[in-house]
Amino acid sequence: MEAWQEQLHNAVRTLEQLRRYINVTEEEERAIKELGRRWQIPPHYASLMDRDDPACPVRRQSVPSLLESVNKYGIPNYLEWKENRLIGEKRPDCIARQYHDRIAFCVTQVCSIYCRHCFRKELTIDDSLSLHLDLEEGFAWIADHPEIRDVLITGGDPFILTDDKIEYIIRRLREISHVEMIRFGTRTLVTLPDRITEKLCRILSGFHSVPIWVNTHFNHPREITEDSARAAYRLTQCGIPVNNQSVLLRGINDDAPTFRKLCQKLLAIRVRPYYLFYCEPAPGLDHFRTPVEKGAELIRDAVRGHTTGMAQPMYVVATNIGKIPISPDYYFVEKNKAEYIFRNYKGEQTTLPNIP
Ligand SMILES: *Cc1c(COP(=O)(O)O)cnc(C)c1O
Ligand code: SF4
């Protein structure tokens, strides 16, 4: 068994195992026993948890909570709505589509960890949605749709698949002449960095006209470790750019110092912040959600102007009609016949001539 497979084999799945890492609270114990939802934490990620603080950002993302049974604001059958599964064109279950030129190709519903804030939780955690995920149906559909130039491989977590399966998926997609790029969405850099093995890197590496990009999912600076830095380095070393997609989580990364540190530390391990997502209204995520404006405020108060523009992700609300970017709205103060008036992150103003 390879080290990453051992990590999965030894993943925390019981109260007894969890007690080796943290002092489990009564609330956490009840959530595990009473909710009966899927959960699993690889030892690497479990070792990042604070033993005594139930508000620890790593702990809150991974240990079940009774609040998951509260659902005041979530949209019922969220994933079917979000991924346009009930309307419009007929597609295999493994294809989610919102855009003309790109799709999400869902290749597994298995993950290394079951993130408590997952917007696909109906599929990954709750089992309230069952999808028939068939790779061959996916390849056939993509081959049949010449407008698809960008395939985003997702799940679940596609890096949970064996090396052979990953190699096969890449090979099949590269055989489709209109596919110009392949993206993998994976949380393994965060939760199971051992997965980024030399063998996997060999499969992903090499100069090719259909490049591979990796998008990962760090939400808190505490998740950035020597091991995840090494995993990111290995990928970039073989020509794979690594980008990050964070989720805005109440009490975890919704304050300016934490969010700035996250963005800066990502660059320090060669990972470029790509998106900050508003926490989606899937059922049972009320306790993670902030007001929509919060993300734009963070961009304003934590990163834009305060640190390099390379550390600034785009803040988006993911919806059934695509991602809606939301910027802080204070930069543009006024436009009149003679000039534009702008404001910067410090509140200073300047003007530029309005040249018609
Ligand atoms: C997010 C998403 C994409 C990719 O969007 P980008 O903005 O290109 O990263 C594609 N398809 C679906 C269904 C998505 O949810
Ligand atoms: S790894 Fe991704 S798909 Fe899996 S539970 Fe976490 S957020 Fe959801």
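Only a predicted model underlies this, so the values are computations on that prediction, with no experimental measurement involved. (Residues numbered from 1 in each chain as written. Chains lettered and ligands numbered in written order. Predicted model: local features only at pLDDT ≥ 70, side-chain atom pairs only at ≥ 80, totals over all residues. Heavy atoms only, no water.)

(A) Inspection of the overall build of the chain at higher detail. When helices and strands are counted, the chain shows 14 helices and 12 strands. Expected size for 356 residues packed as a compact globule is a radius of gyration near 21 Å; at 21 Å, the chain falls within 12% of this value. Across the chain, contacts joining residues at least 24 apart in sequence account for 75% of those joining residues at least 6 apart. Summed over its atoms, the accessible surface of the chain is roughly 16300 Å², and 51% of this surface lies on carbon and sulfur atoms. (Helix = DSSP H or I, 4+ residues; strand = E, 2+ residues; numbered from the N terminus. Rg over C-alpha atoms; globule rule 2.2 N^0.38 Å. Contact = heavy atoms within 4.5 Å. Areas by Shrake-Rupley, 256 points an atom, 1.4 Å probe, with all protein chains shown as cover.)

(B) Quick look at the domain arrangement of the chain. Once the domains are mapped, the chain shows domain 1 (3-325) and domain 2 (330-356). If you average the C-alpha positions of domain 1 and of domain 2, the two centres end up 38 Å apart. (Domains from an automatic or database assignment.)

(C) Quick look at the side chain of Asn219. The topology assignment puts Asn219 in the loop between β5 (212-216) and α12 (226-237). Engagement of the side chain of Asn219 in a polar contact is seen with the side chain of Gln61, the distance being 3.0 Å. Engagement of the side chain of Asn219 in a polar contact is seen with the backbone nitrogen of Val247, the distance being 2.9 Å. Sequence-distant contacts of Asn219, defined by excluding residues within four places in its chain, comprise Gln61, His117, Arg187, Gln245, Ser246, Val247, Leu249, Asn253 and Leu262. (Polar contact = N/O pair within 3.5 Å; in protein donor to acceptor, adjacent residues only side chain to side chain.)

(D) Main features of the site of ligand 1. Around ligand 1, a shell composed of Ala96, Gln98, Tyr99, Arg102, Ile103, Ala104, Leu152, Arg183, Tyr274, Tyr275 and Lys323 is seen. Between ligand 1 and Tyr274 there is a distance of 2.6 Å, counted from an oxygen atom to a side-chain nitrogen or oxygen. In the model, an oxygen atom of ligand 1 is placed 3.1 Å from a nitrogen or oxygen of the Lys323 side chain. Here ligand 1 loses 87% of its free accessible area of 390 Å² to cover by the protein chains. (Near = heavy atom within 4 Å.)

(E) Up close: the nonpolar core. Counting 76 residues, the largest nonpolar core has Leu18, Ile41, Phe105, Ile142, Leu173, Phe184 and Leu204 as its most contacted members. Here Phe184 is in contact with Ile153, Pro158, Phe159, Ile166, Ile170, Leu204, Ile212, Trp213, Val214 and Asn215, once residues within four sequence places are set aside. Core analysis: the second largest hydrophobic core is formed by 8 residues, Val247, Leu249, Ile252 and Cys279 among them. (Core = buried A, V, L, I, M, F, W, Y, C linked by side-chain atoms within 4.5 Å. Buried < 20%, exposed > 50% of the residue type's maximum accessible area, 1.4 Å probe, protein only.)

(F) A look at the side chain of Gln40. Looking at the element boundaries, Gln40 is found in the loop between α3 (26-35) and α4 (43-46). Polar side-chain contacts of Gln40 include one of 3.0 Å to the side chain of Arg13. Of the polar contacts made by the side chain of Gln40, one reaches the backbone oxygen of Ser112; its length is 3.0 Å. Those residues within four positions of Gln40 in sequence are excluded, and the remaining contacts are Leu8, Ala11, Val12, Arg13, Cys111, Ser112, Ile113 and Tyr114.

(G) Focus on the sheet that holds strand β11 (residues 339-343). Read across the sheet, 3 strands follow the order β10-β11-β12 without closing on themselves; strand pairing throughout is antiparallel. The sheet is open, and its two edges are formed by β10 (332-335) and β12 (349-353), each paired on a single side. Within the sheet, the average angular offset between the axes of one strand and its neighbour, ignoring direction, is 20 degrees. As paired elements, β11 and β12 share 5 bridges and run antiparallel to each other. Counted as the bridge partner of Tyr340 is Leu352 from β12. (Pairing = 2+ DSSP bridges. Axes fitted to C-alpha atoms, helices over the stretch in contact; angles between N-to-C directions.)

(H) Representation of the layout of surface pockets in the model. In this structure, the largest pocket spans a volume of roughly 980 Å³. Along the wall of the largest pocket there are 44 residues; nearest its centre are Phe119, Arg120, Thr154, Gln245 and Phe277. Class assignment of the residues belonging to the lining of the largest pocket gives a composition of 20 nonpolar, 13 polar and 11 charged. Each pocket or cavity is described by its volume, and for the second largest pocket that value is around 150 Å³. The wall of the second largest pocket is formed by Glu27, Glu28, Pro54, Arg59, Arg60, Val63, Pro64, Ser65, Leu67, His287 and Phe288. For the lining of the second largest pocket, the secondary-structure elements that each account for two or more residues are α3 and α5 (57-62). Taken together, the residues of the lining of the second largest pocket break down into 5 nonpolar, 2 polar and 4 charged. (1 Å grid on protein atoms, 1.4 Å probe; cavity = no way out; pocket = protein on both sides within 12 Å on 5 of 7 lines; lining within 4 Å. Points joined across faces, edges and corners; volume = space filled by probe spheres on them. Nonpolar A, V, L, I, M, F, W, Y, C, P; charged D, E, K, R; others polar.)

(I) Looking closely at the environment of Arg272. Examined against the element boundaries, Arg272 turns out to sit in strand β7 (residues 272-277). When the C-alpha atoms of Arg272 and Gln245 are compared, they prove to be 9.2 Å apart, with 27 residues separating the residues in sequence. Contact partners of Arg272, with chain neighbours within four places excluded, come to Val242, Asn243, Asn244, Leu267, Gly309 and Met310. Polar contacts involving the side chain of Arg272 include one to the main-chain carbonyl oxygen of Met310, which spans 2.9 Å.

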